[in-house]
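An overview of the molecular structure
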Amino acid sequence: MEKSRIERLNELAKKAKTSSLSEAELAERDELRKEYIAAFKANLKATLDNTVIVDKDGNRRSLRKDN
């Protein structure tokens, strides 16, 4: 997610704390939140997919379960 879009989401959140948001701003905030959450989940999944566990014998295994 682009930094400018995160900054806009933060602006809307700050404005919502001090005053009310218009219908257009509410819709924009909801869309930006969905985009932020999707980006966060994708980043977390990528991190976990590349994480390995090393046991005391030095064997490496991924966190992903094999079916």
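Anything mentioned here points back to the structure above.
We now turn to the structure provided with this report. (Residues numbered from 1 in each chain as written. Predicted model: local features only at pLDDT ≥ 70, side-chain atom pairs only at ≥ 80, totals over all residues. Heavy atoms only, no water.)

**Looking at the overall build of the chain**
Let me state the cut-off plainly: Runs of E in the DSSP output that reach at least two residues are strands. Runs of H or I that reach at least four are helices, and both are numbered from the N terminus. All radius of gyration figures rest on C-alpha atoms, and the globule criterion is 2.2 Å times the number of residues raised to 0.38. For the exposure calls, accessible area comes from a 1.4 Å probe over protein chains only, and a residue counts as buried if that area is under 20% of its type's maximum, exposed if over 50%, partly exposed in between. Throughout, a contact is declared for two residues whenever any of their heavy atoms are within 4.5 Å. Calculation of accessible area relied on Shrake-Rupley with a 1.4 Å probe; when residues are assessed, cover is drawn exclusively from the protein chains displayed. The charge count treats Lys and Arg as positive and Asp and Glu as negative. His and the chain ends do not count. For this purpose, a charge sits on NZ of Lys, CZ of Arg, CG of Asp or CD of Glu.
Check the secondary structure of the chain and you find two helices and two strands. Going from the N terminus to the C terminus, the chain shows its helices and strands as α-α-β-β. In summary, the chain has a C-alpha radius of gyration of 19 Å against a globular reference of 11 Å for 67 residues, an excess of more than 25%. The dimensions of the chain, computed from C-alpha atoms along their principal axes, are 60 × 25 × 20 Å. By the burial criterion, 9% of the 67 residues in the chain qualify as buried. Once local pairs closer than 6 in sequence are excluded, the contacts in the chain between residues at least 24 apart make up 28%. On the chain, roughly 5900 Å² of surface is accessible, and the fraction owed to carbon and sulfur atoms is 51%. In the chain, the 16 positive side-chain charges and the 13 negative ones have mean positions that sit 4 Å from each other.

**Some thoughts on the pattern of salt bridges**
The condition that has to hold: The salt bridge definition used is simple: a Lys or Arg side-chain nitrogen within 4 Å of an Asp or Glu carboxyl oxygen.
Inspection of the entire model under this criterion finds six salt bridges. Across the pair Lys 15 and Glu 25 runs a salt bridge, and its minimum N-O distance is 2.8 Å. With Lys 15 in helix α1 (residues 3–18) and Glu 25 in helix α2 (residues 23–49), the pair connects residues that are ten residues apart, well separated along the chain. A residue is classified by how much of its surface remains accessible, and Lys 15, at 32% relative accessible area, is partly exposed. One network of salt bridges, in which partners are shared, links Arg 8, Glu 11 and Glu 28.

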